[in-house]
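Each chain, letter by letter, is given below.
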Amino acid sequence: MDRIRIRGGRRLSGRIPVSGAKNAVLALMPTALLAEAPLVLSNVPDLVDVQTMSALLRELGMTVEHDRAARRLVIAGPAKAHEAPYDIVRRMRASVLVLGPLLARYGVARVSLPGGCAIGTRPVDLHLKGLEAMGAEIAVEGGYIEARAPRGGLRGARIIFPLVSVGATENLLMAATLAQGETELINAAREPEIEDLALCLMRMGARIEGIGTGRLKVQGVPSLGGAEHPVLPDRIEAGTYACAAAITGGDLLLEGARLDHLGAVARVLREAGVALHEEAGGLRVTRANGLHGVDVITEPFPGFATDMQAQFMALMCVAEGAAMVTETIFENRFMHVPELNRMGARINVHGASAIVRGVPALSGAPVMATDLRASVSLVLAGLVARGETIVNRVYHLDRGYERLEEKLAAVGADIERLR
């Protein structure tokens, strides 16, 4: 199993290209199940999760052509099967996003309950209740979601989410495009990836109002066509490299990054002493002065992203003063804390909050990655730690970060993959 070795203490300087967004492309790929012509995606990152979704779509009978050099993905149907098996779905939670499109286009779907990172239960109840409101008959048996649309297809409905759910918003938005009549999604997620999905669906012929707001209104259409669509830049990758610049006292230009996509992450970084400036072609990140402890609470966009919590905690480990990090989205997302403490951090967890007291320096150590974002927080800590850090189980990183060690090495990090 691969490991990553880091020798800390180097200041990062230069340019890092920000890849296409993992969380966007994994929602865009299933839209091909709705289309009667090929879907062409550009700016596609070469990630394990993209390969997993490609394998799932092929299992459903779709053709998937991935030109990695051109960063281009072409997906065409129709689907010849309607079952998403456990062996594929267990690897990645986003696999459940084939449920809505299969049900809307083909009237039937059998999808294994999803897997992914071990950061919490993340039930799919909101997905299923929304589809039931649109007339679907659903049963969960033997670890599978068995779903069937009523005769004549799904029907439009007014669906109020009791809490914000990105996945449920995506699944129901896709299903609504081919449903009869009007569907209204209230308290819908507002993440940039939702907006990107809606724009792609409109390119395919969908009729959607309220894009970028918490109230989406969809007028169902009889069919959708193909489209060409560029994947938006990955805001979590951009935020991660912003933390890398800050933790090393560096100066990085994040090519393609968009400040407006960072939401509260940008505000919190600035409060901590990080300078963010939009420039032609990207976002420049430097450390204005010393790092300062700042309290954060994870919230749905435009609040502070839960996917940035572990990286920000690593940054707070070497900040002056104390910071409180409160996780409200997932109940098991502090698994990186013991590993950071092994490196000399001072972090105490109290329920859903972690108190981080900054230390003058971290020390390199062998550490174990537990999930995708926890993995990269350990890399960030290794960049500033004295001595050598070995990050084990880095297959988590490959799910969401494209060529991480190559990008960091190119701007001055002493980092390499041990195969």
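Bear in mind the structure is a predicted one, so any value in this text is a computation, not a measurement.

1. Details of the overall build of the chain
Scanning the chain from N- to C-terminus turns up 14 helices and 24 strands. Taking 419 residues into account, the globule formula puts the C-alpha radius of gyration at 22 Å, and the chain, at 21 Å, falls close to it. Taken along its principal axes, the extent of the C-alpha atoms in the chain is 65 × 45 × 40 Å. When each of the 419 residues of the chain is scored for burial, the buried share is 58%. The contacts of the chain with a sequence gap of at least 6 include a subset with a gap of at least 24, amounting to 73%.

2. Description of unusual backbone geometry
Residue Pro78 is bonded to the preceding Gly77 through a cis peptide linkage, with omega at 10 degrees. Going from Phe301 to Pro302, the amide bond is cis rather than trans, its omega being 10 degrees. Positive phi, close to 50 degrees, is recorded for Arg403, a residue that is not glycine. Structurally, Arg403 can be placed in the loop between helix 13 (395–400) and helix 14 (404–410). Look at Arg403 and you get partly exposed, because its relative accessible area is 38%.

3. As for the sheet that holds strand 6 (residues 83–84)
Taken together, the 4 strands give an open sheet; going across it, the order is 6-7-9-8, and neighbouring strands pair in mixed fashion. Of all the strands in the sheet, just strand 6 and strand 8 (137–141) have a single pairing partner and so form its edges. In the sheet, strand 8 pairs with strand 9 (residues 144–148) via 5 bridges, with the strands oriented antiparallel. Residue pairing in the sheet places Ile138 in a bridge with Ala147 of strand 9. Seen against the sheet, helix 4 (residues 99–106) touches strand 7 (108–112) and strand 9 and runs at an angle of roughly 165 degrees to strand 7.

4. Details of the nonpolar core
Core analysis: the largest hydrophobic core is formed by 79 residues, its most contacted members being Leu57, Val98, Met134 and Leu201. Of the residues forming this core, the biggest block, 6 residues, is contributed by helix 6 (residues 166–176). Beyond its immediate sequence surroundings of up to four residues, Met134 is in contact with Pro150, Leu154, Arg155, Ala157, Ile159, Leu172, Ala175, Ala176, Ala179 and Thr183. Counting residues in hydrophobic clusters, the runner-up holds 75 residues, among them Leu276, Met316, Val325 and Leu378.

5. Things to note about the pattern of salt bridges
In total, this model carries 26 salt bridges according to the counting rule given. Across the pair Arg110 and Glu83 runs a salt bridge whose closest N-O atoms are separated by 3.1 Å. You can see Arg110 sitting in strand 7 and its partner Glu83 sitting in strand 6, a full 27 residues away along the chain. Arg110 sits in the partly exposed class, given a relative accessible area of 27%. The partner of Glu146 in a salt bridge is Arg110, and the shortest N-O contact between them spans 2.6 Å. In this pair, Glu146 sits in strand 9 while Arg110 sits in strand 7, placing the two residues 36 residues apart along the sequence.

6. A few points about the side chain of Ser165
With respect to the helices and strands, the residue Ser165 is situated in the loop between strand 10 (158–160) and helix 6. Exposure remark for Ser165: the relative accessible area of 15% places this residue in the buried category. Among the polar contacts listed, one links the side chain of Ser165 to the backbone nitrogen of Ala168, at a separation of 3.1 Å. Excluding its chain neighbours within four sequence positions, the residues that come into contact with Ser165 are Leu126, His127 and Ala189.

7. Describing the sheet that holds strand 5 (residues 72–76)
Taken together, 4 strands build an open sheet; the order of strands is 4-5-3-14 and the sheet is mixed. The outermost strands of the open sheet, each flanked by one partner alone, are strand 4 (63–67) and strand 14 (227–230). Across the sheet, the axes of successive neighbouring strands diverge by a mean angle of 15 degrees, strand direction being ignored. Pairing of strand 3 (residues 39–42) with strand 14 involves 4 bridges; the strand directions are parallel. Following the sheet pairing, Leu39 is matched in strand 14 by Ala227. Against the sheet, helix 2 (residues 48–59) contacts strand 4 and strand 5, and its axis sits at roughly 155 degrees relative to strand 4. Helix 7 (residues 192–203) rests against strand 3 and strand 14 of the sheet, and its axis sits at about 155 degrees to strand 14.

Reading guide: rules and limits
Residues numbered from 1 in each chain as written. Predicted model: local features only at pLDDT ≥ 70, side-chain atom pairs only at ≥ 80, totals over all residues. Heavy atoms only, no water. Helix = DSSP H or I, 4+ residues; strand = E, 2+ residues; numbered from the N terminus. Rg over C-alpha atoms; globule rule 2.2 N^0.38 Å. Buried < 20%, exposed > 50% of the residue type's maximum accessible area, 1.4 Å probe, protein only. Contact = heavy atoms within 4.5 Å. Pairing = 2+ DSSP bridges. Axes fitted to C-alpha atoms, helices over the stretch in contact; angles between N-to-C directions. Core = buried A, V, L, I, M, F, W, Y, C linked by side-chain atoms within 4.5 Å. Salt bridge = Lys/Arg side-chain N within 4 Å of Asp/Glu carboxyl O. Polar contact = N/O pair within 3.5 Å; in protein donor to acceptor, adjacent residues only side chain to side chain.

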